[in-house]
Every structure is written in structure tokens, then in C-alpha cells.
Amino acid sequence: MIALYQHDVTGRELDQAFKASDSLLTRALAHAAADKAEELDEVIDRHAHGWSVQRIQPLERSIMRVALVEMLHPDVAPSDEPIPAEGAIEEAVESAKRFCGSDAPGFVNGVLGAVLREVRENARIP
């Protein structure tokens, strides 16, 4: 999420934003979020009532993009089992609590929860 944020804000190559200790999972999620940013931003836009993606703080946007990759594209993350959607949301909310302003966790939770409801209605996530 931090590397994705740095890439988004500075325009640096994503690979230059990683730390040597970043895992393969971290790198895969960040690359997928960057590659699918347009699609993910459309999803955020649809569910962030009253907020366009451009108005959302870059770090909050990066947090939601990573969570959405985990929720909508579980095949991009190298793991034995996909990350449960609820786990992706919980991790995103915790990241927002740690790194963003006081309103961010509720906003992130609201947007991602709305996405989860929509995709479950469309049977994309069990």
C-alpha cells in the first residue's frame, strides 16, 4: 500500500518504491492494484457517494485499491488460499486507522462494505 501510494503521488516506477524486505505478496498486490487502477477507481467512484476518486486522499485510495484487488482479483496474490473479503476490508480499515485521518477508517469501511454487498449480490465473491 505504501509503495503504491508513493508510485501514485510521485510517478516513480513502482519497483523503485519497494523496500528490499517487501514480500512477493506485497509486490504482487501493489502491481495488480497499479495495473488495474482504472477499473478499481471506477468501483470506488460508484460506491463513494458524494466523493469522486480524485477528491479521495491518495493514501486512502491506495488502501482501497489494494483491498479491492484482494476482493475482486484473488488470483493475482501468490498464496495457498485467497484472502477472505472480510479480511481484506478489516486490514484496509486498520491501515486507514494507522496512516490516515480520523474519518478515513469509516469511509474506507463504508466504500469497501458497499462493494462487498454488490459483488455478493452478483455472486462474484462467496
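Residues numbered from 1 in each chain as written. Predicted model: local features only at pLDDT ≥ 70, side-chain atom pairs only at ≥ 80, totals over all residues. Heavy atoms only, no water.

I tried to follow the packing of aromatic side chains on my own but got confused; where do I start?
Each aromatic ring pair is summarised here by two numbers: the centre-to-centre distance and the angle between the ring planes. Overall, the coordinates contain 1 aromatic pair when judged by the stated rule. Taking the ring centre of Trp51 as reference, the NZ or CZ of Arg55 above it sits at 4.0 Å. (Phe/Tyr/Trp six-rings, centres within 6.5 Å; stacked < 30°, edge-to-face > 60°. Lys NZ or Arg CZ within 6 Å of the ring centre and 35° of its normal.)

Got a minute to help me understand a negative patch on the surface in this structure?
A grouping of Glu38, Glu39, Glu42 and Asp45 is seen on the molecular surface, where their side chains present a negatively charged patch. Structurally, the position occupied by Glu38 is in helix α4 (residues 37–47). (Patch = residues over 30% accessible without salt bridge, like charges linked within 9 Å, V, L, I, M, F, W, Y side chains within 5 Å. Areas by Shrake-Rupley, 256 points an atom, 1.4 Å probe, with all protein chains shown as cover. Salt bridge = Lys/Arg side-chain N within 4 Å of Asp/Glu carboxyl O. Lys, Arg positive; Asp, Glu negative; His and termini not counted. Charge placed at Lys NZ, Arg CZ, Asp CG, Glu CD. Helix = DSSP H or I, 4+ residues; strand = E, 2+ residues; numbered from the N terminus.)

It is not clear to me how the pattern of salt bridges should be interpreted in this structure. Could you clarify?
Once the charged atoms of two side chains with opposite charge are near each other, the side chains can pair. A complete count under the given rule lists 6 salt bridges for this structure. Two residues, Arg65 and Asp8, come together in a salt bridge whose shortest N-O distance is 3.7 Å. Of this pair, Arg65 sits in helix α5 (residues 58–72) while Asp8 is found in helix α1 (residues 2–10), placing the two residues 57 residues apart along the sequence. Judged by relative accessible area, which is 30%, Asp8 ranks as partly exposed. Its salt-bridge partner being Lys97, residue Glu94 comes within 3.2 Å of it at the nearest N-O pair. (Buried < 20%, exposed > 50% of the residue type's maximum accessible area, 1.4 Å probe, protein only.)

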